[in-house]
Structure formats: C-alpha cells, structure tokens
Amino acid sequence: MAMSVHGLLDRRRTIAPPGFNRWLIPPAAMAVHLCIGEVYGFSVFNVPLTRLVGLTRSIPGSDWTIPEVGWIYSIALIMLGLSAAVLGRWVERVGPRKTIVASAVCFCGGLGLAAVGVAVHRIGLLYLGYGVLGGIGMGLGYIAPVSTLVKWFPDRPGMATGLAIMGFGGGALIGAPLGVELMSYFKSDGSVGVKEAFLVMAVAYGLFMLFGAFTIRVPAAGWRPEGYVPAARPGWHVTPADVHVEVAWKTLPFWLLWAVLCLNVTAGIGILGQASLICQDMFGVSATVGGGFAGLLSLFNMGGRLFWSSASDLTGRKAIYGVFFLLGACLYALIPTAQASHSVGLFILLTAAIISMYGGGFATTPAYLRDLFGTMHLGAIHGRLITAWSMAAVLGPQLVNYISTDRIDHGVPRAEAYNATMYVMAGLLLAGLACNLLIRPVDERFHHREADSPKPASVEA
C-alpha cells in the first residue's frame, strides 16, 4: 500500500503526455492557493480569539490580547518563507504532486491542532498549529504551483505567475466570510465558534488541495508552446542565461529584489492582516461589515495579482514596481485624511488600490526572478527570496498592532490610532523605490555553464 501511494505521488507520474492542454494547470494551482490563502482572512478570528473566556468581552488576565493573537498570523508567514527557502530544492526534486499533498497534510493538520489549542485555551498550540505547521504547509503549497506554471507559460511569464498567485490573494475572499459564517453558526452560550470553524475549514480545504495535487502536471523536458520562439536578444533588464540557486542568492540583484519584496509586503501585510479590525476601529462598523471589508480587499488583492503581473509583460517588471512604490506612498499618506473626514468610500478606494499593488508585487516577483536568474532553479530561488515575506510578516503586523495599541494607551482616540502607521508605510515604500532603481541584470560571470563547478564567486560587484 505504501509503495502504491509513493508511486502515485512520484514526479514521473506527473509528466504531461503529448498534447496535454496547459490551460488545465491554472485551475489546479488556484485550488491550492485559494486554500492556503485563507491566512489573509485570519483577521476575522482576532477579536473572537480574545474572548474565548469572556465570550461577549475580553477579560484581562484570562483572555488573550490582540498583540498576542497577532503573532499567530506572523508566525504562519514567517514559517511560509522559511519552509519555502529550506525545502525549495526538495520541491523541485519530488515535483508538485507530492509537494501539494505534503502541503495539505501540514496546513489542514495545523488548523486541527489550532482547534485543539482553542479548546484547551493554550495559545502555544495555536502558534505551533496554525503558525508553525500551517505555515510550513503554506510555504510548500505556495512555491510548487508557481514554478510549474512559469514552465508551462514561457511566452507569458508575468501572466503565468499572476494566474498562480492570484488564488493566494483571493484566499480571504472565501476564508473571511466563511470564517464569520461558521463562527456565527457554531456560536453558543459556551463557545464563540472558533474551534468548530477551524475543524470544518481543515476538512474542506484538505479536499480542495487534494484535487489540485492530482490534477497538476509538469511539462516534459524540452517542451515549448506551439509557435513559441525565445527572443534572440532579451531586453536590457533581462539576464540572458540561467543562474544556479547557490550563486543567485549571493548576488547583489537578489538582495536588492529581496529588499524590494520585503518593503512592499511590510507596507501592505499589516493592513491586510488587520483589515477587519482597522475598519471597525476607524469607522465604528460591525464585525460583519469588517469581515466583508476584508473579503473585498481580498478581491482586489486577487485581481491585482493578475492585472499588474500581466501588465509587466508589456512594461517590464522594474517599471511596474516603480508604480507600486510611488503611487502606493501617495495613497498611504491620504488614508489619515479619509479617516479625519469619516469618508468610508475614500478609505475603501485607497486601501483597495494599495492592496491591488501589494498583490501585484507578489505576482510580479517570480517573473522578475525569471528575468534575472532564468528558470533552471526558479522554484528554489523563489523559495529563498520569500524569506523577505517572513521578515515582512513580523514587521508589518507588529508595526500596526504595537503602534496602534501604544497610541490608544496614551489617550489617542481609537479611530485615529492607525494614522501614524500609514505615514510609516509610505516611507517604507519610498525606500523600496530606491532599491528597485538599483537592480541590474546579473553579471555574466555568475551565469551557469554545464561544465562549470557549482562553486560560485561569493559576491557581485
């Protein structure tokens, strides 16, 4: 039995036969990313998790605080980046099917362990379950469909990465309202409904992820789309060769792109991770409306991933990131104005545009990597790069949580507590703009040659 399961998951069983329709791959990738993207809807659980004892209100000393609960989200994204970095080469070796099955086991198992943590009121189990185990599942499930789709669409890498990653951005579109509805359904005199919601989501997401695992395929060696001819002279911003993963992460372009991703994500993830609570605090809306706002942002996060990454095939990745940073900084600086005028419509418009570019940054990054380092080790390089996401997962949410909590403790009205953070985010985006402008193609001495030893030069000038 073990041998038959191992054979079913073997990479050789996933190689596509001649004539396979590559457009069957995006739905498989979407099925996986929509599930693990549930992390973006985690904010709907924040307040209920601080009322497990008090039920209708948080009891100091007995219930958890918002900053304590916020670490669940941060740990999950930290582990997403670290697991992708450490396991990236393994993912390339075993193929997407085995990787996605492992992802489902970890992610859904993490939800189950988190439910146990809620039941016994031990936040350490939520850190371990949803955070560590679930985060590993997210990391595995994140990079496998991305590298697979880029190989299926060498003619449109930006669009391909947008298709792969837009599902992750749309996770809260399903996860946030689903979480609210499940908690409402299971809520009782003795429970806020979080435990039961986690268990139901674990089963449902597991089924969808297994669908993705057994649908996905990899192209045969040497496969190319019909009529596709690689450009003889790539653009000035494109490295015209592959770069080995052990070389790539030691070059200056890699670390500049790392900083670009980290700063862009830090500026967006804190807002997205606390979207429901920020909306409630700034404008006094209900938890249901806050959950709907989180879901709306998820829609723009999802749409922005496809729109901006597809646009990058026409303009280049560097130009698109320039738009993200310049326009994003201006929009962040306007949010306090929207709050002061109590303009919910303007606030929604500003945050929706910001989150579309936040999502677009994620979707454009793999294509940016492909331009700089080729496709040979794209999955492994991408895994190492998204450690920037891990760093941002700490910086973004904690900036929002601790700055807003500190300002409230010092007498600032709750509705105004987030304004200073918005100016900080604008400054981070301007720093990202400077890093993006410095990125250049990888020097040819770092290009991979089959006859070469894998030992690289250690630093790029």
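Scroll up for the structure.
Nothing here was measured: the structure is a model prediction, and the numbers come from that model.

As a further point, take the overall build of the protein. Scanning the protein for helices and strands turns up 18 helices and zero strands. The C-alpha atoms of the protein give 22 Å as radius of gyration, which agrees with the globular expectation for 461 residues (23 Å, within 12%). Structurally, the protein occupies a C-alpha span of about 65 × 55 × 35 Å along its principal axes. The buried share of the protein, taken over its 461 residues, is 58%.

Here the focus is the side chain of Thr-50. Inspection of the secondary structure assignment puts Thr-50 in the loop between helix H3 (46–49) and helix H4 (66–94). In this structure the side chain of Thr-50 is engaged in a polar contact, spanning 2.6 Å, whose partner is the backbone oxygen of Val-47. Setting aside anything within four residues of it in sequence, one finds Thr-50 in contact with Ser-58, Asp-63, Trp-64, Thr-65, Ile-66 and Val-69.

Assignment of secondary structure puts Thr-364 in helix H15 (residues 344–373). Relative accessible area serves as the criterion here: at 0%, Thr-364 is assigned to the buried category. Side-chain polar atoms of Thr-364 contact the backbone oxygen of Gly-360, separated by 2.7 Å. Ignoring anything within four residues of it in the chain, the contact list for Thr-364 reads Trp-308, Ser-309, Ser-312, Arg-317, Ile-320, Tyr-321 and Phe-324.

Our focus in this paragraph is a nonpolar patch on the surface. Nonpolar side chains collect at one region of the surface, where Leu-173, Ile-174, Leu-299 and Phe-300 lie side by side and expose about 320 Å² of accessible area between them. Looking at the nonpolar patch, the elements with two or more residues in it are helix H8 (171–186) and helix H13 (287–315). Relative to the helices and strands, Phe-300 resides in helix H13. Of the residues examined, Phe-300 reaches a relative accessible area of 37% and is grouped as partly exposed.

When the charged atoms of two side chains with opposite charge come close together, those side chains can pair. If you walk through the whole model with that rule in mind, you get seven salt bridges. Salt bridges sharing common partners tie together Asp-313, Arg-317, Arg-370 and Asp-371.

Let us now look at the packing of aromatic side chains. Under the defined criterion, the tally for this structure stands at 22 aromatic pairs. Taking 5.4 Å as the distance between ring centres and 85° as the angle between the ring planes, the aromatic pair formed by Trp-308 and Phe-324 counts as edge-to-face. One end of the pair, Trp-308, is in helix H13; the other, Phe-324, is in helix H14 (residues 317–340), with 16 residues separating them in the sequence. Note on accessibility: Trp-308 and Phe-324 belong to one class, buried. Note on Tyr-321 and Phe-324: the rings are 5.2 Å apart at their centroids and 75° apart in plane angle, and the pair reads as edge-to-face. Within this pair, Tyr-321 and its partner Phe-324 are both found in helix H14, separated by three residues, close to a single helical turn. When sorted by exposure, Tyr-321 lands in the same class as Phe-324, which is buried.

This part is about the environment of Phe-198. Secondary-structure assignment places Phe-198 in helix H9 (residues 194–215). The class for Phe-198 is buried, based on a relative accessible area of 0%. A C-alpha to C-alpha distance of 10.0 Å links Phe-198 and Phe-45, two positions 153 residues apart in sequence. Leave out the neighbours within four places in its chain, and Phe-198 touches Phe-42, Phe-45, Leu-111, Ala-114, Ala-115, Val-118 and Leu-126.

Below, the discussion takes up the nonpolar core. Grouped together as the largest cluster of nonpolar side chains are 141 residues, with contacts concentrated most on Phe-45, Leu-49, Phe-198, Tyr-332 and Trp-389. Looking at which element gives the most residues to this core, the answer is helix H11 (residues 252–273), with 13 residues.

The next subject is the packing of helix H2 (residues 25–36) against H9. Taken N-terminus to C-terminus, the directions of H2 and H9 make an angle of 150°; their axes are 8 Å apart at the nearest point. Considering their axes alone, H2 and H9 lie roughly antiparallel with respect to each other. Seen from above, H2 lies across H9 with left-handed handedness. Residues Pro-27, Ala-28, Ala-31, Val-32, Cys-35 and Ile-36 of H2 lie in contact with H9, whose contacting residues are Tyr-205, Phe-208, Met-209, Phe-211, Gly-212 and Thr-215.

Per the counting criterion, the structure on display carries zero disulfides. Sulfur of Cys-35: no disulfide; nearest cysteine sulfur belongs to Cys-108 and is 7.0 Å away. No disulfide involves Cys-330; its sulfur sits 18 Å from that of Cys-435, the nearest cysteine. The exposure class of Cys-330 is partly exposed, given its relative accessible area of 49%.

This part takes up the environment of Met-166. Mapping Met-166 onto the fold places it in helix H7 (residues 157–169). Residue classification places Met-166 among the buried residues on the basis of a relative accessible area of 13%. Between the alpha carbons of Met-166 and Tyr-321 there is a distance of 17 Å; along the sequence they are 155 residues apart. Not counting residues within four places of it along the chain, the set of residues in contact with Met-166 comprises Met-30, Met-302, Arg-305 and Leu-306.

What counts, and at which threshold
- Residues numbered from 1 in each chain as written.
- Predicted model: local features only at pLDDT ≥ 70, side-chain atom pairs only at ≥ 80, totals over all residues.
- Heavy atoms only, no water.
- Helix = DSSP H or I, 4+ residues; strand = E, 2+ residues; numbered from the N terminus.
- Rg over C-alpha atoms; globule rule 2.2 N^0.38 Å.
- Buried < 20%, exposed > 50% of the residue type's maximum accessible area, 1.4 Å probe, protein only.
- Polar contact = N/O pair within 3.5 Å; in protein donor to acceptor, adjacent residues only side chain to side chain.
- Contact = heavy atoms within 4.5 Å.
- Patch = residues over 30% accessible without salt bridge, like charges linked within 9 Å, V, L, I, M, F, W, Y side chains within 5 Å.
- Areas by Shrake-Rupley, 256 points an atom, 1.4 Å probe, with all protein chains shown as cover.
- Salt bridge = Lys/Arg side-chain N within 4 Å of Asp/Glu carboxyl O.
- Phe/Tyr/Trp six-rings, centres within 6.5 Å; stacked < 30°, edge-to-face > 60°.
- Core = buried A, V, L, I, M, F, W, Y, C linked by side-chain atoms within 4.5 Å.
- Axes fitted to C-alpha atoms, helices over the stretch in contact; angles between N-to-C directions.
- Parallel < 35°, antiparallel > 145°, perpendicular 65-115°, else oblique.
- Left-handed = near helix turned anticlockwise from the far one by under 90°.
- Disulfide = S-S within 2.5 Å.

Nothing here speaks to function; it is geometry throughout.
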